[in-house]
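# Tertiary structure, described
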Amino acid sequence: MRTKIEEQRPGNDSGADDSADSGRRGFIKTAVVAAAGAGAVGLLKPSPAEAASDPAKKRYGDGPYAAEGVALYSSAGPHKVMKFQRRALGPKDVAIQLHYCGVCHSDIHHGREHWRKENFPLITGHELAGVVVAVGSSVSKFKPGSRVGVGCMVNSCRHCGPCEAGMEQYCENGNVFTYASKDRDGSMTQGGYSTFNVVDEDFVIDVPDVIGLADAGPMMCAGITVYSPLRRWSVGPGRKVGVVGLGGLGHMAVKIAAAMGAEVTVLTTSSAKVEDARRFGAKTVIVNEPGADLSKFKRSLDFILDTAPYRHDLERIIPLLKLDATLCMVGAGKIVEPHQIGPFSLLRNRNAFASSQIGGIRETQELVGFCALHGIRPTITKISREKIDDAWTKVVDKAARYRFVIDLAAA
Ligand code: NAP
Ligand code: ZN
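Residues numbered from 1 in each chain as written. Chains lettered and ligands numbered in written order. Predicted model: local features only at pLDDT ≥ 70, side-chain atom pairs only at ≥ 80, totals over all residues. Heavy atoms only, no water.

### Digging into the coordination of the zinc ion (ligand 2)
What counts here: Here a donor is an N, O or S atom found within 2.8 Å of the metal, or within 3.2 Å if the metal is Na, K or Ca; sites may look incomplete because water is not among the atoms. By the criteria applied, helices consist of DSSP H or I runs no shorter than four residues and strands consist of E runs no shorter than two, each listed in order from the N terminus. Under the scheme applied here, a residue whose accessible area is under 20% of the maximum for its type counts as buried, over 50% as exposed, and between as partly exposed, the area being computed with a 1.4 Å probe on protein chains only.
Binding of the zinc ion (ligand 2) to the protein goes through Cys104 (SG), His126 (NE2) and Cys221 (SG), at separations of 2.0 to 2.2 Å. Look at where the donors of the zinc ion (ligand 2) fall in the sequence and you get C-x21-H-x94-C. Highlighted residues: Cys104 in the loop between strand E5 (93-102) and helix H4 (105-111) and His126 in the loop between H4 and strand E6 (128-135), separated in sequence by 22 residues. Residue Cys104 is classed as buried on the basis of its relative accessible area of 2%. Overall, the relative accessible area of 8% leaves His126 in the buried class.

The following block contains the structure:
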């Protein structure tokens, strides 16, 4: 049940901007899908003797585990170091030494209370990547040394319709998010801007060796959040796809949609990003500045994925849809500033306005396999955790190129 990827050279954690793109263009690769369910992890349960003699387990034990993160103590910030404990291993838990965590705009929405009141102190971060150091007694998919990622969810009810269909993000009984969410024991979850986490193995993603851990982080949220709707709306060869906003999600959407065979058009508000958009795989780039004339692009797109946060003018974007085409909004703005769509905007071309939330665990594993197969990596900038406030400012200013990733080893 493992997707085996062979490439000319191994992945690394360098995170250099050009490695991502040269990877997509230059690698020669073959993928051997050993069984259905590409990307699913194999059975890796250590023998009792292995488990007993495992040095990592001896070193880390069964917890609770000391952890250290950067937390907000109010919505005004700044982040400050917080020492805390992760829970002791349950039978199905894995303990993960975190190496990297991507910085998502959702972290900022939570931290700044754009969506709701939050409980502080709050450690955000839901693009986790690291190495398993200890496993509970019933864990079957991972062992100490496994390279893994964790995204936006760490639990769900497991038995409702969406959960059974592998769409835990739509759990009818409420899933447990990686941070700012009530955990099974009633405590609030704390996220990945930290050194350690303990997570049920069913919510842990296997990271193949060809993907560096720094690159794996942003796949866990940015990658899956765009992959899921691109699949849902059947993006592929012969389809023209618009991507609004060239940020963390948007740049992954361009790379993934291009790899799916679609013709990609980017709508950016930043003229400085035009060349990057083309390098990531866009055929057409529209600089959507106030007053720009978009009329020549009317009815040109089969699907639009809008990743821009905050309220923006959808009346300029919707006319670009062909008859019956859908605009899927994954960006999420301030709760007090909802989007507006006029009464005639959608009816002219029988268009649909839709949305989508991250992706399921199986689907995330599939996305990781897709990225491995197609040489897709996020374009990242590594930062130390001391730079997190500065990084948040740059993200809001549209100055990230294109995902900040916290190097937790530097903590
Ligand atoms: P990001 O890295 O900041 O990228 C967003 C991009 O949108 C910016 O680079 C910019 O691109 C454009 N943009 C920013 N502010 C804008 C504004 N006021 N008006 C118009 N365009 C603007 O953010 P991200 O991490 O990709 O996240 C994007 C959004 O998706 C956030 O709202 C986040 O909370 C949401 N999100 C949703 C899900 C989900 O499950 N649906 C999951 C993750 C994230 P240009 O410079 O190219 O214009
Ligand atoms: Zn996110």
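Next comes the rest of the write-up.
### Some words on unusual backbone geometry
With glycine set apart, most residues show a phi of negative sign, and most peptide bonds adopt trans. Looking along the chain, the bond that leaves Gly63 and enters Pro64 is cis, with omega of 0 degrees. Inspection of the secondary structure puts Pro64 in the loop between helix H3 (55-60) and strand E3 (65-72). Cis peptide bonds are those with omega within 30 degrees of zero, and the linkage from Gly77 to Pro78 qualifies with -5 degrees. Relative to the elements of secondary structure, Pro78 occurs in the loop between E3 and strand E4 (79-86). Phi angles above zero are rare outside glycine, and Arg158 is one such case at about 80 degrees. For Arg158, the location among the structural elements is in the loop between strand E8 (153-155) and helix H5 (161-164). With relative accessibility at 32%, the residue Arg158 sits in the partly exposed group. The phi torsion at Lys398 lies on the positive side, around 60 degrees, for a residue other than glycine. Among the structural elements, Lys398 can be located in the loop between helix H10 (388-396) and strand E19 (403-407). Take Lys398: its relative accessible area is 44%, and that puts it in the partly exposed class.

### A few points about the pairing of E3
Two faces make up the sheet, and in a regular strand the side chains alternate between them. Let me state the cut-off plainly: At least two bridges found by DSSP between two strands are what make those strands a pair.
With six of its eight residues buried, E3 lies for the most part within the structure. In the sheet, E3 pairs with E4 via eight bridges, with the strands oriented antiparallel. Residue Gly69 lies in a different strand from E4, and its bridge partner there is Met82. Between the end of E3 and the start of E4, which pair antiparallel, lie six residues, with Gly77 showing a positive phi angle near 70 degrees.

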